[in-house]
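Here's the letter readout for the chains.
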Amino acid sequence: MSQTNEKLLTLIRRSPSPFHAVEQLRQRLLAEGYRELREREPWQLAPGGRYLVTRGGTALMAFRVPAGDWRGFLLTASHCDSPTFRVKGTAAGPENYLRLSVEPYGGMIMSSWLDRPLTLAGRGIFRRRGGVESRLIYVDRDLLVIPSVAIHMNREANKHASFDPKADLLPLLGLGEDRDALARLAAESAGAKREDLLALELSLCPREPGFVGGAAGELVVSPRLDDLQCVYGCLEGFLQTREGGNLPVYCVLDHEEVGSATRQGADGTLLREVLERICAALGRRLPEETADSMLLSADNAHAVHPNHPEYADSGHRPRLNGGVVIKHNANRRYATDALAAALAEEICRRSGVPVQNYSNRPDLPGGSTLGSIANTHFSVLTADVGLAQLAMHAACETAGAEDTDHLIRAAAAFYGATLRQGEDGGYDLA
Ligand code: ZN
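Residues numbered from 1 in each chain as written. Predicted model: local features only at pLDDT ≥ 70, side-chain atom pairs only at ≥ 80, totals over all residues. Heavy atoms only, no water.

A. Local environment of the overall build of the protein. Counting its secondary structure elements, the protein contains 10 helices and 22 strands. Relative to a compact globule of 430 residues, whose C-alpha radius of gyration would be 22 Å, the protein shows 22 Å and is just as compact. For the protein, the spread of C-alpha atoms along the principal axes amounts to about 75 × 60 × 40 Å. Evaluated residue by residue, the protein yields a buried proportion of 53% over its 430 residues. Summing over all exposed atoms, the protein offers an accessible surface of approximately 19,000 Å²; the carbon and sulfur share of this is 48%. Positive and negative side-chain charges in the protein, numbering 47 and 54 respectively, have mean positions lying 5 Å apart. (Helix = DSSP H or I, 4+ residues; strand = E, 2+ residues; numbered from the N terminus. Rg over C-alpha atoms; globule rule 2.2 N^0.38 Å. Buried < 20%, exposed > 50% of the residue type's maximum accessible area, 1.4 Å probe, protein only. Areas by Shrake-Rupley, 256 points an atom, 1.4 Å probe, with all protein chains shown as cover. Lys, Arg positive; Asp, Glu negative; His and termini not counted. Charge placed at Lys NZ, Arg CZ, Asp CG, Glu CD.)

B. Fine view of the layout of surface pockets. Of the volumes computed, that of the largest pocket is approximately 560 Å³. Around the largest pocket, the lining comprises 24 residues; the ones closest to its centre are His302, Ala303, Tyr311, Tyr358 and Met392. Here the second largest pocket defines a volume of roughly 480 Å³. Around the second largest pocket, the lining is made up of 20 residues, and of these Leu114, Pro147, Ser148, Val149 and Asp168 lie nearest the centre. Taken together, the elements giving at least two residues each to the lining of the second largest pocket come down to strand 6 (97-105) and helix 3 (165-168). Broken down by class, the residue content of the lining of the second largest pocket amounts to 13 nonpolar, 5 polar and 2 charged. (1 Å grid on protein atoms, 1.4 Å probe; cavity = no way out; pocket = protein on both sides within 12 Å on 5 of 7 lines; lining within 4 Å. Points joined across faces, edges and corners; volume = space filled by probe spheres on them. Nonpolar A, V, L, I, M, F, W, Y, C, P; charged D, E, K, R; others polar.)

C. Structural detail: the packing of helix 2 (residues 18-31) against helix 5 (residues 225-240). Contact pair helix 2 / helix 5: the axes reach a minimum separation of 12 Å and the direction vectors enclose 10°. As the angle between them shows, helix 2 and helix 5 are arranged roughly parallel. Together, Ala21, Leu25, Arg28 and Leu29 of helix 2 and Leu228, Val231, Leu235, Glu236, Phe238 and Leu239 of helix 5 make up the contact between the two elements. (Axes fitted to C-alpha atoms, helices over the stretch in contact; angles between N-to-C directions. Parallel < 35°, antiparallel > 145°, perpendicular 65-115°, else oblique. Contact = heavy atoms within 4.5 Å.)

D. Looking closely at helix 10 (residues 401-415). Under the 1.5 Å per step criterion, the end-to-end length of helix 10 is 23 Å for 15 residues, consistent within 8% with the ideal 21 Å. In terms of burial, helix 10 is a largely internal element, 11 of the 15 residues being buried. Taken together, the buried positions of helix 10 are occupied by Ala401, Asp403, Thr404, His406, Leu407, Ile408, Ala410, Ala411, Ala412, Phe414 and Tyr415. (Expected span 1.5 Å × (residues − 1).)

E. Quick look at the coordination of the zinc ion. With distances of 2.0 to 2.7 Å, the protein atoms coordinating the zinc ion are His79 (NE2), Asp226 (OD), Asp299 (OD) and Asp299 (OD). In this structure, the zinc ion is coordinated by 4 donor atoms arranged in irregular fashion, with angles at the metal of 54 to 146°. On the accessibility criterion, aspartate 299 (5% relative accessible area) is buried. (Donors = N, O, S within 2.8 Å, 3.2 Å for Na, K, Ca; no water. Tetrahedral: all angles 85-135°; square planar, octahedral: opposite > 155°, others 65-115°.)

F. The arrangement of the sheet that holds strand 1 (residues 35-36) in detail. If you trace the 9 strands from one edge of the open sheet to the other, you get 1-2-3-13-4-14-18-16-17, paired in mixed fashion. The strands lining the two open edges of the sheet, one partner per strand, are strand 1 and strand 17 (355-358). Bridging between strand 16 (residues 324-327) and strand 17 involves 4 bridges; their strand directions are parallel. Bridging across to strand 17, valine 324 finds its partner in valine 355. Against the sheet, helix 5 contacts strand 3 (59-64), strand 4 (73-79), strand 13 (247-253), strand 14 (294-298) and strand 18 (381-386), and its axis sits at roughly 150° relative to strand 4. On the sheet, helix 6 (residues 270-281) packs against strand 2 (50-55), strand 3, strand 4 and strand 13 and is oriented at approximately 25° with respect to strand 3. (Pairing = 2+ DSSP bridges.)

G. The side chain of histidine 79, seen in detail. Note on placement: histidine 79 falls in strand 4. Separated by 2.9 Å, the side chains of histidine 79 and aspartate 81 make a polar contact. Only 3.3 Å separates the side chain of histidine 79 from the side chain of glutamate 256, close enough to count as a polar contact. In contact with histidine 79, other than residues within four places in its own chain, are Asp226, Asp227, Leu228, Val231, Val252, Leu253, Glu256, Glu257, Asp299 and Leu370. (Polar contact = N/O pair within 3.5 Å; in protein donor to acceptor, adjacent residues only side chain to side chain.)

H. Region of the structure containing the sheet that holds strand 11 (residues 211-213). The strand order across the open sheet built from 5 strands is 11-12-20-19-15, with neighbouring strands paired in mixed fashion. If you trace the sheet from one side to the other, it starts and ends with strand 11 and strand 15 (301-302), each paired once. Relative to strand 12 (residues 219-222), helix 1 (residues 3-13) is tilted by about 10°, and along the sheet it contacts strand 11 and strand 12. Contacting strand 12, strand 19 (388-390) and strand 20 (397-400), helix 10 crosses the sheet at an angle of about 65° to strand 20.

I. Focus on the environment of histidine 255. Assignment of secondary structure puts histidine 255 in the loop between strand 13 and helix 6. Linking histidine 255 and arginine 332, residues 77 residues apart in sequence, is a C-alpha distance of 20 Å. Once you skip the residues sitting within four places of it in the chain, histidine 255 turns out to touch Asp81, Tyr105, Ser260, Thr262 and Gln264. Within the local environment of histidine 255, its side chain forms a polar contact with the side chain of threonine 262, the two groups lying 2.6 Å apart.

J. Looking closely at empty space enclosed by the protein. Under the definition given, this model contains 1 cavity of 30 Å³ or more. Reported here for the largest cavity is a volume of approximately 80 Å³. Taken together, Leu296, Val324, Ala344, Ile347, Cys348, Val385, Leu407, Ala410, Ala411 and Phe414 make up the lining of the largest cavity. Those elements that place two or more of their residues in the lining of the largest cavity are helix 8 (338-350) and helix 10. Per-element accounting of the lining of the largest cavity gives the leading share, 4 residues, to helix 10. Across the lining of the largest cavity, the residue classes tally to 10 nonpolar, no polar and no charged.

What follows is the structure in structure tokens.
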């Protein structure tokens, strides 16, 4: 397995929830010498300084102040959440079954969650002297399963698969009537007392580890590739780059799968506030830096499907390992315009990374991502990019093993660039 994908799969395995993902990224950045800033304190920033800030445990921004002169920001933004099921509590019966009651989070492929080992991840809120505290929770064992109905009882199972979340998708926690088992498991895995547990924010997570497969190791298969493959690729590019003439910013946001309109989402205030505070601390004004700024919104894209190539557009047909995908949409569900596409392509070309294009088949409404939403708060030249993958929003997804390196190289080249808008609206790229 390439070292890159080994590291990617390690990050994914250690990130069973957005809370864990952001903590992994935070630890990595601290180890790389980044200093953590608090939103509640004044910021003093110095040339050559490296900083990170988090919000709500599931959003993170990191940036470096160049030692030399700089103008504008070069940003990447990706998301740390994935479709899953949020746990509401336990549900007793029928008979002696003990189940969890759950609610879908985002638009998942429901069938992919059946009959596979699952567990719980997220956080718990615990009482402490004079207040409350948040602790990470990950029950690190095969704990749950959502059993399907036997083919003998549902002969239509292979013809008309349809799932009712309130009836078909309740995970089995065990047998008996111990309704408190969930809370005890959660408290125990947080290293806290059961009686101090006040609230839980837990989701299901598949237990099978990701792997590199295919005859020549050309595939990477794992839960949560959307969007942790981009989270990882952009991070490595951010850390590996040489200094350019713009200020590099790395963003990971939450709640993309449910519309981003949250405190930690792209429709929240974090992105804009951090940029404004950087400007204020360094004697700049954000509107004057925006023209020389660019955002790469990095979120995975749909590869042509091997069994259903007809779902792909006739012209834009991304392949696995075909390089960075630039996403286009006439109705601006993707923020890319021709200028941003040309600059993204040029950055990839200069770093030796192949480029491909994606748009939805015109009669199929596609997904959207955080690029356009972020633009309602910080309006900036934006390219929506990603890596081609199959089975998006399944419990286990498939992408190209070489593409992880493609994104790292492209992100490093992007962060190391010097971007300046010309008098004529064109751009100089060095
Ligand atoms: Zn995504």
